[in-house]
Amino acid sequence: MASVHESLYFNPMMTNGVVHANVFGIKDWVTPYKIAVLVLLNEMSRTGEGAVSLMERRRLNQLLLPLLQGPDITLSKLYKLIEESCPQLANSVQIRIKLMAEGELKDMEQFFDDLSDSFSGTEPEVHKTSVVGLFLRHMILAYSKLSFSQVFKLYTALQQYFQNGEKKTVEDADMELTSRDEGERKMEKEELDVSVREEEVSCSGPLSQKQAEFFLSQQASLLKNDETKALTPASLQKELNNLLKFNPDFAEAHYLSYLNNLRVQDVFSSTHSLLHYFDRLILTGAESKSNGEEGYGRSLRYAALNLAALHCRFGHYQQAELALQEAIRIAQESNDHVCLQHCLSWLYVLGQKRSDSYVLLEHSVKKAVHFGLPSLVQQRAFAGKTANKLMDALKDSDLLHWKHSLSELIDISIAQKTAIWRLYGRSTMALQQAQMLLSMNSLEAVNAGVQQNNTESFAVALCHLAELHAEQGCFAAASEVLKHLKERFPPNSQHAQLWMLCDQKIQFDRAMNDGKYHLADSLVTGITALNSIEGVYRKAVVLQAQNQMSEAHKLLQKLLVHCQKLKNTEMVISVLLSVAELYWRSSSPTIALPMLLQALALSKEYRLQYLASETVLNLAFAQLILGIPEQALSLLHMAIEPILADGAILDKGRAMFLVAKCQVASAASYDQPKKAEALEAAIENLNEAKNYFAKVDCKERIRDVVYFQARLYHTLGKTQERNRCAMLFRQLHQELPSHGVPLINHL
């Protein structure tokens, strides 16, 4: 079919098979598929209103637009689409096409002559300026320009098109008759659908200008909004190569090829396509614009900006910075503030990746203070600004976003709020913001029912949602969220690394809670590949759990220096807490105190409330070890409220366990009635802690709790309860490895 198309429509523009002119100079041309669509339109106009129901006519009208704008499809596929909308009309179309294909050439000539009658009369069946009217006029004009030899080739192609359609229809009927089992029928139908799609790709000729523009816009929209519904990377690249074969200077096809290559992380092909896109754009811009600065200069600065984004995507930060400097220089010369604002956002991204870009960023964001850009808000959050100031800044920008219906910026703003609330330790507020973003995306439909749900903000919100559920012990719900993420963001998509890291972290936490340190150690490699700092920290946590204190200490010290250099305050505090835990597990609680005080000062300075509460928890434990449980208990009353309100289930259990330990230690000096009352209160707190640990399946900590309960029941003389706890302890102790760490030294 492709050779038929070439010989039919491109002879005036080809010499020895080489295209010498833009094939899109021709707006449209006649193909056998378009003749079939014309037959459908003619039958619709001839059928009376009573013969076709209102619902069938409505379905046909909805079907027309994709048929007119989309690429050519096989006749069997066309019959199937018409039959789904109106079976009666499908039969009439099939008979008309059969009579035309099995008749003579004059039947096709007569058909095109009769098409002009649709516009005649005082009340014509079709308006000339309507979508259908324009299509009919284009087809009539294109047919009238064909020579006799081209008309004959078109009729031959129509006959071949009809024969292929009839052959496919017979195969479909035979398959339906021979398939007995329901499962086999379903499988064979799926294989048939795949073969039809492959045939459409192989037999489709060059697209017209409108078809090409529709195809490119449709695929670009799907890549942006719902990548799973777009063509596969291989199929899309095959279509684009076919498109570029007939028109190598089609700039938009090169850009879609660039986006498609990004899906499979092909750095060479994506760079090649991006440069080709801007080469073609500069050429067409210079021809169409009388002012060279308007076309040529604009293309150059955006070419440099896109190249910077491409290098940043693949981790080439030095090349990205050089390209970005070039874009900034050209944009400043042209006084293009929009381009400069785009450069500003990429400067911030580079500022996160490279430690030496912060000074440049600080100078750049001063221009954006008035607008409260998301990047500036994030910078303020890391600088320790209060939540009310950050929300005020986001509110001002949100007013502009809502006023101008900038849905993508609204999504980014809500995702920023979710991350800020989690940074400050307010999990309930973070959960509310994430749910708000998901509700907005589910209500706002884009073209053809596609949901705007594969943006980065959507992925971030879902990852926060999965982590929040996992922290509360709802692992089944977290798995469902991750399953949805995997469906929405395939492994080769741009934002897949977000859910990959989230999934690895949740699996790591579950393995650590379950005491499976060998499994947690195997997950460290995957975490390190996605986030090196997080991977090193978790490696140290595994070494610490395995009692390899010296190796863990060396790793944590290196990580502490690195994070302080990068100004990663959140990780600095986490590392300080881990180092402090190393010291008291090594029976050196006095050395741990300066570390904890430093962590507390940083938490207060940067307003990280949850980390501050966790640090106070560790300080109370250090005071308990040092023999001042009363002071530890008063400290706990300060920290326990935020933990119980917004903390993870594991941290709630740790807090209640520590309260019980402090109560027991404080009761040593009480008289007998008061001591018994204090021990009863401690047992209640231990039961609560055990329930928390059971939710996250933390058997090691449950073992510690039942051991402590058995000791308390023995002191109170409750033999039956003591024996029950002792039996549970024995079962867990035989199941879990013991590293010889004293129970009092484990928070």
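Residues numbered from 1 in each chain as written. Predicted model: local features only at pLDDT ≥ 70, side-chain atom pairs only at ≥ 80, totals over all residues. Heavy atoms only, no water.

(A) Local environment of the overall build of the chain. Per the secondary structure count, the chain includes 35 helices and 2 strands. For the chain, the computed accessible surface area is about 37100 Å², with 55% contributed by carbon and sulfur atoms. (Helix = DSSP H or I, 4+ residues; strand = E, 2+ residues; numbered from the N terminus. Areas by Shrake-Rupley, 256 points an atom, 1.4 Å probe, with all protein chains shown as cover.)

(B) Broad picture of the pattern of salt bridges. Within this structure, the stated rule accounts for 20 salt bridges. Here Asp249 and Arg280 are joined by a salt bridge, their closest N and O atoms 3.3 Å apart. With a gap of 31 residues between them, Asp249 in the loop between α11 (233-246) and α12 (251-263) and Arg280 in helix α13 (residues 267-288) connect regions that are remote in the sequence. Asp249 gets classed as partly exposed once you look at its relative accessible area, which sits at 49%. (Salt bridge = Lys/Arg side-chain N within 4 Å of Asp/Glu carboxyl O. Buried < 20%, exposed > 50% of the residue type's maximum accessible area, 1.4 Å probe, protein only.)

(C) Local environment of the packing of aromatic side chains. Counted under the stated rule, the structure contains 8 aromatic pairs. Between Tyr255 and Tyr258 the ring centres are 5.2 Å apart and the planes differ by 55 degrees, which places this aromatic pair in the tilted class. Highlighted residues: Tyr255 and Tyr258, both in helix α12, separated by 3 residues, approximately one helical turn. For the pair Tyr277 and Phe278, a centre-to-centre distance of 4.8 Å together with 70 degrees between the ring planes defines the contact as edge-to-face. Like Tyr277, the residue Phe278 is buried in the burial classification. Through a chain of ring-to-ring contacts, the aromatic side chains of Tyr255, Tyr258, Tyr277 and Phe278 assemble into a single cluster. If you follow Lys661 out to its NZ or CZ, it ends over the ring of Phe657, 4.4 Å from the centre. One residue, Lys674, lies across the ring of Tyr670, its end atom 4.7 Å from the ring centre. (Phe/Tyr/Trp six-rings, centres within 6.5 Å; stacked < 30°, edge-to-face > 60°. Lys NZ or Arg CZ within 6 Å of the ring centre and 35° of its normal.)

(D) Structural view of the nonpolar core. Leu485, Val575, Leu636, Leu658 and Phe693 are the most contacted members of the largest nonpolar core, which has 107 residues in total. Excluding residues that lie within four positions of it along the chain, Val575 makes contacts with Tyr537, Leu556, Leu559 and Leu560. Core analysis: the next-biggest nonpolar cluster, separate from the first, contains 46 residues, Ala36, Leu68, Ile73 and Ile82 among them. (Core = buried A, V, L, I, M, F, W, Y, C linked by side-chain atoms within 4.5 Å. Contact = heavy atoms within 4.5 Å.)

(E) Representation of the packing of helix α32 (residues 649-666) against helix α34 (residues 699-716) within the structure. Where α32 meets α34, the axes come as close as 12 Å, and the angle between the chain directions of the two elements is 25 degrees. Regarding the angle of α32 to α34, the classification is roughly parallel. As α32 runs across α34, the sense of the crossing is left-handed. Note on element contacts: α34 touches α32 through Arg701, Asp704, Val705, Phe708 and Leu712, opposite Leu650, Arg654, Phe657, Ala660, Lys661 and Val664. (Axes fitted to C-alpha atoms, helices over the stretch in contact; angles between N-to-C directions. Parallel < 35°, antiparallel > 145°, perpendicular 65-115°, else oblique. Left-handed = near helix turned anticlockwise from the far one by under 90°.)

(F) Structural context of the side chain of Ser85. Within the fold, Ser85 resides in helix α4 (residues 75-85). With relative accessibility at 7%, the residue Ser85 sits in the buried group. With residues near it in sequence (within four places) discarded, Ser85 still touches Glu56, Arg59, Leu60 and Leu63.

(G) Quick look at unusual backbone geometry. One non-glycine residue, Asn335, adopts positive backbone phi at about 60 degrees. Positionally, Asn335 belongs in the loop between α15 (317-334) and α16 (337-353). For Asn335, a relative accessible area of 55% translates into the label exposed. Not every positive phi belongs to a glycine, and Arg607 is a case in point at roughly 60 degrees. Arg607 gets classed as partly exposed once you look at its relative accessible area, which sits at 42%.

(H) Spotlight on the environment of Phe214. Note on placement: Phe214 falls in helix α10 (residues 209-225). Remark: the alpha-carbon pair of Phe214 and Pro66, spanning 148 residues in sequence, is separated by 9.2 Å. Among residues more than four places away in sequence, those in contact with Phe214 are Gln69 and Gly70.

(I) Spatial organisation of a nonpolar patch on the surface. Residues Leu406, Leu409 and Ile412 make up a contiguous nonpolar surface patch of about 210 Å² in total accessible area. Mapping Leu409 onto the fold places it in helix α20 (residues 407-423). (Patch = residues over 30% accessible without salt bridge, like charges linked within 9 Å, V, L, I, M, F, W, Y side chains within 5 Å.)

(J) Up close: α32. Between its terminal C-alpha atoms α32 stretches 26 Å, which fits the 26 Å expected from 18 residues at 1.5 Å a residue. With respect to burial, α32 is a largely interior element, 16 of its 18 residues being buried. (Expected span 1.5 Å × (residues − 1).)

(K) Layout of the side chain of Glu43. Looking at where Glu43 falls in the secondary structure, it is placed in helix α2 (residues 32-46). The class for Glu43 is buried, based on a relative accessible area of 8%. Excluding residues within four positions of it along the chain, Glu43 makes contact with Leu89, Ser92, Val93 and Arg96.

(L) Layout of the environment of Arg585. Turning to its location among the elements, Arg585 is positioned in helix α28 (residues 569-585). Relative accessible area serves as the criterion here: at 14%, Arg585 is assigned to the buried category. Separated by 36 residues in sequence, Arg585 and Met549 place their C-alpha atoms 9.0 Å apart.

(M) Spotlight on the packing of helix α22 (residues 456-471) against helix α24 (residues 496-513). Two elements in contact, α22 and α24, have axes separated by 9 Å at closest approach and are oriented at 5 degrees. Of the possible angle classes, the one that applies to α22 and α24 is roughly parallel. Contacts between α22 and α24 involve Glu456, Ala459, Val460, Cys463, Ala466, Glu467 and Ala470 on the former and, on the latter, Leu498, Trp499, Cys502, Lys505 and Ile506.

(N) Up close: helix α29 (residues 589-605). Across its 17 residues, α29 extends 24 Å between first and last C-alpha, which sits within 8% of the 24 Å expected from 1.5 Å per residue. Taken as a whole, α29 has its buried residues at Pro589, Ala592, Met595, Leu596, Ala599, Leu600, Leu602 and Ser603. One side of α29 carries all its buried residues, which in axial view fall inside an arc of 160 degrees. Turned more than 90 degrees off the buried face of α29, the exposed positions are Thr590, Pro594 and Lys604. Among the structural elements, α27 (549-566), α28 and α30 (609-625) are those in contact with the buried residues of α29. Looking one or two places after α29, you find Arg607, whose phi comes out positive at around 60 degrees. (Arc of directions from axis to C-beta.)

(O) Broad picture of the confidence of the model for the chain. In this model, the chain carries a mean pLDDT of 79, and residues with pLDDT of at least 70 account for 80%. Per-residue pLDDT stays below 50 along residues 1-26; that stretch engages in 46 contacts with residues further than four places along the chain or on separate chains. (pLDDT = per-residue confidence, 0-100.)

(P) Quick peek at the environment of Gln94. Locating Gln94 in the fold gives a position in helix α5 (residues 87-102). For Gln94 and Leu78, which are 16 residues apart along the polypeptide, the C-alpha to C-alpha distance reads 10.0 Å.

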